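Residue strings, one per chain:
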Amino acid sequence: MKNFLLVFRYDSNALPKGSPEELQAMTKKWMDWIGGIAAQDKLTDRGNRLEFVGKIVRPNNVITDGPFTEVKELVGGYSIVKATSLEEATKLVSGCPILSVGGSVEVRPVNEL
Amino acid sequence: MEKFIFLFRGSDVYQPGQSPEALQALKEKMIHWLSDLTKNGVHVASEPFQPTGKQVSGTKTTVTDGPFGEAKEIVGGCTIVQAKDINEAVEIAKGCPILATNANVEVRPLQKM
Amino acid sequence: MKEQELIPHLFRTEYKKIVAVLCKLFGIGQIEIAEDIAGETFVAASQIWSLKGLPENPTAWLYTVAKNKTKDYFKHHDVFTKTILPHLKNENATPEIDIDLSNENINDSQLSMIFAVCHPTISTESQIGLALNILCGFGAEEIAAAFLTTKDVIYKRLQRAKEKLKTEMIKIEPPTPAEIDERLDPVLMTLYLLFNEGYYSTSQDTSIRAEFCIEAMQLNKLLIENDISNTPTANALFSLMCFQASRLAARTNEKGEAILYDDQDMSLWDQLLIEKGKYYLNQALRGNRLSKYQLEATIAFWHTNKEDTPEKWENILQLYNQLLLIEYSPIIALNRTYALAKANGKREAIIEAEKIELTENPLYHSLLGNLYTNVDNLKAIDHYKIALKLTASSSARNAITKNITKLTGTKSND
């Protein structure tokens, strides 16, 4: 079993604001999806969501401010799963609620440090 | 103390055609930098990515080969640190060796769970 | 005769108190002396009370005799000056010191002993054995019967564990506020496992197993009654025990066979324990640390009402999701899938269940048998038959066989 990082991306403009019921439904979908991975004993780290703000540090100490509300492929969060192959890890992504709002999930094998 | 994630984006050293020596030298500098962060008590976790991956996107769950994005946007790895605030996190990020190449570090606060 | 009932009862309640006070006094190095003196006290009671009748205050009698035996021991052995005096804080102490059997010192000693016995340096298995032996007063033979092993095996295990405590020079004192959460974790784990040994017993001796539940609850109560260990997590575990214990009377029939939750007579559930469980659950939810005990206790709370509502099962599903994020176990994964079936429907649950792939686990196949029932009965029967082959539990075999019969209309040949 190896670890794979899931990078969750979405278009910050396209994100539906959502009523409380819609947000709650989204939370349920998320918990059911990640709970499903945990139930297969394939979750290494539930990860975190990233806040909308941030900064970019570039060469020569050039700092750009967030927020990133214009960014089409904003990194919204990450999780770490475990699987025997990249293909198996990619299969775990199906059912991820971010896909239903036009987002994407990048699956990257991680090196052991 | 709060947690921030560094997303290491792009680096011409990782492009095809670059010398293995340059790649190795950068890796060593990164390991050195990370162990300094550990000694200073700010390092929480690091995940260097392998250069392969997949991307799952959209409601049709299309799977394409990764990694994702234009060369200068490709995420090569991430590190989580703890710092007083984002400005302190940015100061830490300025020391990252990849900035000597054509790369940048995206600094994002993690949401509190 | 009256004293013949009283002595076992008093043994169960007072032996461990006397041992705790003496252990705290002597230090971990002399643990056997403490046990010997306590044991001899009860031998004396047994002999003298049968000759002279019951004393007016049996407990006080026991304490007086224990004190005298301790003082005697000090007088006749160098151990006091060599080993115990250096250990005591009062340098002017003499063998005439008063052995303090006040409620306060008993409480303090028992609390200290819990932390000494449930110490991370000894294996969990040994912790449970020691807890049963020193904290609860069970003998090696009783413990062996409960764990379906021999007295010899248990005796050796206890000896090794006591040696380990001595080598590590474990101090018999309550932990400081700074270390309480860390020290409490192994204690709660041991009490949790001890309660489960009683609750999910496979041994024939159901009466001793019910005692394990009671003892676990008493020890947990001790933690809650002391400010230093009265943490939300300790309350959560106690709440969980209350909810589960509330069903003890309804779980077995006169033949000693297990009755499953869905078939239990709710009027036999102890409502007082359920109310207690709710009270302690509220106490447990005060903190901001959400341990597995708060989650399990809340799930147990939802099970105090058999009625199937969407709210009940949606809540249970989300609690199991959170539990899996903290800690994975096959049982939790299977229970979560059952809750998902109730909340999201069988179709989705079957897909989730097939992903789990615990093909060697009889409970996995029982679950799939249940989920496939009235969806694909042939598959259901297949899974039930595999479950039957894999399970050793006779009550499980009965339940599975009944399910197969319902589906086939004929008896299974397996």
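Below or above, wherever it landed, is the structure these notes cover. Being a predicted model, the structure only gives us computed values, none of them experimental.

Here we take up helix α18 (residues 377-390) of chain C. Residue and element names in this part refer to chain C. Between its first and last C-alpha atoms α18 spans 20 Å; for 14 residues at 1.5 Å apiece the expected length is 20 Å, and the two agree. Within the sequence span of α18, burial applies to Ala380, Ile381, His383, Tyr384, Ala387 and Leu388. When α18 is viewed along its axis, its buried side chains cluster within an angular range of 165 degrees and face the same direction. Among the exposed residues of α18, those oriented more than 90 degrees off its buried face are Leu378 and Lys389. Looking at the buried side of α18, the elements it contacts are α17 (362-372) and α19 (394-408).

Now for the environment of Phe212 of chain C. All names here are of chain C. With respect to the helices and strands, Phe212 occurs in helix α10 (residues 206-224). Here Phe212 falls in the buried class, since its relative accessible area comes to 0%. A C-alpha to C-alpha distance of 6.5 Å links Phe212 and Leu194, two positions 18 residues apart in sequence. Setting aside its immediate chain neighbours within four residues, Phe212 contacts Leu132, Phe138, Ala146, Phe147, Leu194, Glu197 and Gly198.

Attention now goes to empty space enclosed by the protein. Under the counting rule described, the total for this entry stands at one cavity of 30 Å³ or more. What the largest cavity holds in volume is close to 40 Å³. Along the walls of the largest cavity sit Leu5, Val7, Val75, Gly77 and Tyr78 of chain A together with Ile5, Leu7, Phe49, Val75 and Cys78 of chain B, which together make up its complete lining. Contributing elements (two or more residues each) for the lining of the largest cavity: β1 (2-10) and β5 (74-83) of chain A together with β1 (2-9) and β5 (75-83) of chain B. It is β5 of chain A that contributes the most residues to the lining of the largest cavity, three residues altogether. The residue makeup of the lining of the largest cavity, split by class, is nine nonpolar, one polar and no charged.

Another point: the packing of helix α5 (residues 103-117) of chain C against helix α9 (residues 180-199) of chain C. All names here are of chain C. Packing of α5 against α9 brings their axes to within 8 Å, and their N-to-C directions diverge by 75 degrees. The pairing of α5 with α9 is recorded here as roughly perpendicular in orientation. The segment α5 lies against α9, with Ile114, Phe115 and Ala116 engaging Ile180, Arg183, Leu184 and Val187. Residues that form the contact of α5 with α9 fall into these classes: six nonpolar, no polar and one charged.

The next point concerns the interface of chain B and chain A. Listed by partner, the interface residues are 42 residues for chain B and 41 residues for chain A. For the chain B and chain A pair, buried surface summed over both sides reaches about 3800 Å², with 61% attributable to carbon and sulfur atoms. Among the residues of chain B in contact with chain A, Lys54, Arg108 and Gln111 of chain B are the three that bury the most area, contributing 18% of the side total. The interface formed by chain B and chain A includes one salt bridge. The shortest N-O distance in the salt bridge between Glu87 of chain A and Lys54 of chain B comes to 3.7 Å. Broken down by secondary-structure element, the contributors of at least two residues to the side of chain B that touches chain A are β1, β2 (43-48), β3 (54-57), β5, α2 (86-93) and β6 (104-109) of chain B.

Right, let's get into the interface of chain C and chain A. With 14 residues of chain C at the interface, the matching set in chain A holds twelve residues. Taken together, both faces of the contact between chain C and chain A bury some 1100 Å²; the carbon and sulfur share is 58%. Note that Lys28 of chain A and Glu314 of chain C form a salt bridge whose closest N and O atoms lie 2.7 Å from each other. If you look at where chain C meets chain A, you find seven residue pairs in polar contact (both at pLDDT 80 or more). Breaking the side of chain C that touches chain A down by element, the ones donating at least two residues are α14 (310-326), α15 (330-344) and α16 (346-356) of chain C. With seven residues, α14 of chain C is the largest single contributor of residues to the side of chain C that touches chain A. Counted by class, the side of chain C that touches chain A contains six nonpolar, four polar and four charged residues.

Moving on: the packing of α15 of chain C against α16 of chain C. Helix-helix packing is described using two parameters, namely the angle between the two axes and the distance between the axes. Residues and elements named next belong to chain C. Contact geometry of α15 with α16 gives a least axis separation of 7 Å together with a crossing angle of 160 degrees. With respect to their mutual orientation, α15 and α16 come out roughly antiparallel. In the packing of α15 onto α16, the handedness of the crossing is right-handed. Contacts between α15 and α16 involve Ala333, Arg336, Thr337, Leu340, Ala341 and Asn344 from the former and Lys346, Glu348, Ala349, Glu352, Ala353 and Ile356 from the latter.

Our next topic: the state of the cysteines. In total, this model carries zero disulfides over all chains according to the counting rule given. Cys78 of chain B supplies the cysteine sulfur nearest to Cys96 of chain B, a cysteine that is in no disulfide, at a spacing of 12 Å. Note on Cys96 of chain B: relative accessible area 3%, which makes it buried. No disulfide involves Cys242 of chain C; its sulfur sits 11 Å from that of Cys213 of chain C, the nearest cysteine.

Reading the values: rules and limits
Residues numbered from 1 in each chain as written. Chains lettered and ligands numbered in written order. Predicted model: local features only at pLDDT ≥ 70, side-chain atom pairs only at ≥ 80, totals over all residues. Heavy atoms only, no water. Helix = DSSP H or I, 4+ residues; strand = E, 2+ residues; numbered from the N terminus. Expected span 1.5 Å × (residues − 1). Buried < 20%, exposed > 50% of the residue type's maximum accessible area, 1.4 Å probe, protein only. Arc of directions from axis to C-beta. Contact = heavy atoms within 4.5 Å. 1 Å grid on protein atoms, 1.4 Å probe; cavity = no way out; pocket = protein on both sides within 12 Å on 5 of 7 lines; lining within 4 Å. Points joined across faces, edges and corners; volume = space filled by probe spheres on them. Nonpolar A, V, L, I, M, F, W, Y, C, P; charged D, E, K, R; others polar. Axes fitted to C-alpha atoms, helices over the stretch in contact; angles between N-to-C directions. Parallel < 35°, antiparallel > 145°, perpendicular 65-115°, else oblique. Buried area = accessible area lost by both parts, 1.4 Å probe. Salt bridge = Lys/Arg side-chain N within 4 Å of Asp/Glu carboxyl O. Polar contact = N/O pair within 3.5 Å; in protein donor to acceptor, adjacent residues only side chain to side chain. Left-handed = near helix turned anticlockwise from the far one by under 90°. Disulfide = S-S within 2.5 Å.

These results come straight from atomic positions and should not be treated as a statement about function.
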